[in-house]
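Topology and contacts: notes
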Amino acid sequence: MPVADKLEILADAAKYDASCASSGGERRNSRNSGGIGSSTGNGICHSYTPDGRCVSLLKILLTNACVYDCAYCINRRSSNVRRARFTVQEVVDLTLEFYKRNYIEGLFLSSGIIRSPDYTMEALVRVARTLRTDHAFRGYIHLKSIPEASPDLIRDAGLYADRLSINIELPTEESLRRFAPEKRTATIHATMRDLSEKIADAKTDTRGPRFSPAGQSTQLIVGADSSSDSTVLATASALYGTYRLKRIYYSAFSPIPDASTLLPARPAPLVRENRLYQADWLMRFYGFSAAEILAGSVDDMLDPEIDPKLAWALRNRDRFPVDVNTAERESLLRVPGLGVRTVDRVLSARTHSRLRLDDIRRLAGSFRRLLPFIVTADHRPSRLLDRAALRSVVAPRPQQMSLFG
Amino acid sequence: MIYSIVIEPPDDFAAFRTAARRLLAARIDPADVTWTDRREAALFPQVPPGPERIAAVPRAFVELAEAVACHRDASRWPLLYQLLRRLADGERTLMDQPADTLVHRLQRMAASVRRDRHRMTAFVRFRIVDDDDGPCSVAWYEPQHRILRRVTPFFIDRFASLRFSILTPDMCVHWDRQTARYASGLSRSAAPGGDEVEDWWKRYYCATFNPARVNPKLLDSHMPKRYRRDLPEAGSIQDLLGNASRRTDRMIGR
């Protein structure tokens, strides 16, 4: 099969993995290395596809043949999808040729499990090792780590990769058993724990061998099982806390060709995924706990119509208004419409003068939706917060339905 | 007395610095200075060489000014001189006051330049041609601001062992694995055509798109249309959008 045909099949097979980050690695460049590649620590999205998702890494599988039969996966054993398999050299060459043309930041390599976990993991590691040692490649490498692979192979993977990931896929053990009969939650967790310890050790002992300097990540599919958003967020929060994950990717269940009958026929709404990402940010950067994001909600689901911070504020009106001239950073971060950067600018600006609405307009960009929640030198919201109609004042207007939909 | 200051080339931060130090030493008011990119457009006498006053300015000002220097807007030098003058006149904390009208305006200009620099690192596409000295990567790119000099170190870091040229309408850079040489600008027609790898890249782009998640608005916000003209993969966008719902229907068996 021509390499370009394999590329098409094995990119199509890999696209359900939402991970795309190329950030968080070491700073390095190719001056004096003889090879190519650099990393500034910040990721670069080199393109965007019409689904609005970024293209940062060459995201492919080594092969889409698989001995496992996970219902949600397009590559499961019982699927009649076309199969292909790259050689190690083909992946190395494609990565280098794409990289030289500035199409990508590096490689995201995963694989179906063929023969055995060790056999497959060894091939993934061989790609990364060839790029790093034979070609002095200093671009980004993300490798999927196969939970059942032997510790030596995982150690080598961490030596060459910037980031490793294991997908937990489903938010509960019960769902995993139902949809992925060959996978075990316990094995996945044990490998995540092992990775988190090795990552932490390598950070402490900077003279020791390198290990996955950009940390580890995972993916959760939402909407394939019946788990609520609060279950998803509780799982996510536990994963961040226990294994120090850098990122959790939420992937709204998307219909796949030749789908298993265990799966819902309809895709999960993309807005659900979007709201989960917003809630995830609230947990990581805004000081929210998983429990309080949805405390007091009706059905343990994030509101599809308004973002979770605004929804929280509407349920916790007694926490507002917040005085931008005196409030603590933690309280400012809870104001809908104030992001982390804006809050830091407010803190800097207010040490020099009492902030007025015009100042806030310059610092925050827009301020219409802020008005009910803040106090400034020249503004105090009237009884707006008590009005039941507050939601309709601050929520974005629903788009008019198309007459021709 | 009104003075004309010529800053040439138009992104020459060092020339601005020298001129500004002379203006500060002579205590010339920002309102009495006009700034221009071209010698022949200078209507008033130039500030004669003389003593320079090196004001102690915060690091944040230098970073801001270096970015703003690349901005295409003609107001960049007068605004920077205004800010410098206020800093030199004792407003020591001005850089920590993001709500100040002047600081805010300049920070927005700097942000626009930084965004443009980031997009250039993302959207430059090289094509590899062979000449007498072997393979050379050549890219044509139209930046929004005059950022080529500032972005070149990024590409040298990344491709130090390759020969490359980046052509823009303002200027070009040629890297020969040792030094970067700058030359005058060229037009798009000077850039080479695509090769087989570019076709693979287009096929990859189409394959990694999931038609069940089609979202043209998000695409437009991340990759505005004006950047797409020189992205080889962007030629597929119309077809991918047009066929998305049919492909999704087929997947879910409707």
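Note that the coordinates shown come from a computational prediction; the quantities given were computed from them, not determined experimentally.

**Some words on the domain arrangement of chain A**
- On domain assignment, one finds that chain A holds domain 1 (3-268) and domain 2 (308-394).
- When each unit is reduced to the centre of its C-alpha atoms, the spacing between domain 1 of chain A and domain 2 of chain A is 40 Å.

**A short note on the packing of helix 12 (residues 340-349) of chain A against helix 13 (residues 357-364) of chain A**
Residues and elements named next belong to chain A.
- One can describe the packing of helix 12 onto helix 13 by two numbers: an axis separation of 9 Å at closest approach and a directional angle of 140°. In terms of orientation, helix 12 lies oblique with respect to helix 13. Judged by the twist between their axes, the crossing of helix 12 over helix 13 is right-handed. Between helix 12 and helix 13, the contacting residues are T342, R345, V346 and A349 on the first element and D359, L363 and A364 on the second.
- In terms of residue class, the contact of helix 12 with helix 13 is made up of 4 nonpolar, 1 polar and 2 charged.

**Considerations on the pairing of strand 5 (residues 164-167) of chain B**
All names here are of chain B.
- The alternating pattern of strand 5 places F164 and I166 on one face and S165 and L167 on the opposite face, and all of these are buried.
- Once you follow strand 4 (residues 134-140) into helix 5 (residues 148-159) and on to strand 5, the crossover reads as right-handed.
- Pairing of strand 5 with strand 6 (residues 171-175) involves 4 bridges; the strand directions are antiparallel. Its bridge partner being in strand 6, L167 is matched across the sheet by C172.

**Quick look at the sheet that holds strand 4 of chain B**
All names here are of chain B.
- If you trace the 5 strands from one edge of the open sheet to the other, you get 3-4-5-6-7, paired in mixed fashion. The two strands at the open ends of the sheet, each matched to only one other strand, are strand 3 (127-131) and strand 7 (180-184). When strand polarity is set aside, the average angle formed by the axes of neighbouring strands in this sheet is 25°.

**Observations concerning the sheet that holds strand 7 (residues 216-222) of chain A**
All names here are of chain A.
- In space, the 6 strands of this open sheet follow the order 3-4-5-6-7-8, with parallel pairing throughout. Two strands bound the open sheet, and with one partner strand each, they are strand 3 (57-61) and strand 8 (247-252). Across this sheet, the average inter-strand angle for adjacent strands is 20°, counted without regard to direction.
- Bridging between strand 7 and strand 8 involves 6 bridges; their strand directions are parallel. Bridging across to strand 8, L220 finds its partner in Y250.
- Across the sheet, helix 3 (residues 117-134) touches strand 4 (106-110) and strand 5 (140-144), and the angle it forms with strand 5 is around 170°.
- Contacts from helix 7 (residues 229-243) reach strand 7 and strand 8, with the element oriented near 170° to strand 7.

**Some thoughts on the nonpolar core**
- Counting residues in each nonpolar core, the largest one holds 175 residues, and the members touching the most others are A:L10, A:L124, A:A128, B:V68 and B:L80.
- A total of 8 residues in this core trace back to one element, the largest contributor, which is helix 4 (residues 101-123) of chain B.
- Here B:V68 is in contact with B:R76, B:L80, B:L106, B:M109, B:A110 and B:V113, once residues within four sequence places are set aside.

**Some points on helix 7 of chain A**
Residue and element names in this part refer to chain A.
- For helix 7, which comprises 15 residues, the first-to-last C-alpha distance of 21 Å matches the rise-based estimate of 21 Å (1.5 Å per residue) to within 8%.
- Residues D229, V232, L233, A236, S237, L239 and Y243 constitute the buried set of helix 7.
- In this fold, the buried residues of helix 7 make contact with helix 6 (185-204), strand 7, strand 8, helix 8 (270-285) and helix 9 (290-294).
- A positive phi of about 50° marks R244, the residue just after helix 7.

The rules behind the values
- Residues numbered from 1 in each chain as written.
- Chains lettered and ligands numbered in written order.
- Predicted model: local features only at pLDDT ≥ 70, side-chain atom pairs only at ≥ 80, totals over all residues.
- Domains from an automatic or database assignment.
- Axes fitted to C-alpha atoms, helices over the stretch in contact; angles between N-to-C directions.
- Helix = DSSP H or I, 4+ residues; strand = E, 2+ residues; numbered from the N terminus.
- Parallel < 35°, antiparallel > 145°, perpendicular 65-115°, else oblique.
- Left-handed = near helix turned anticlockwise from the far one by under 90°.
- Contact = placed C-beta atoms within 7 Å.
- Nonpolar A, V, L, I, M, F, W, Y, C, P; charged D, E, K, R; others polar.
- Buried ≥ 20, exposed ≤ 12 C-beta atoms within 10 Å, placed from the backbone.
- Right-handed = clockwise from strand over helix to strand, strands pointing away.
- Pairing = 2+ DSSP bridges.
- Core = buried A, V, L, I, M, F, W, Y, C linked by C-beta atoms within 7 Å.
- Expected span 1.5 Å × (residues − 1).

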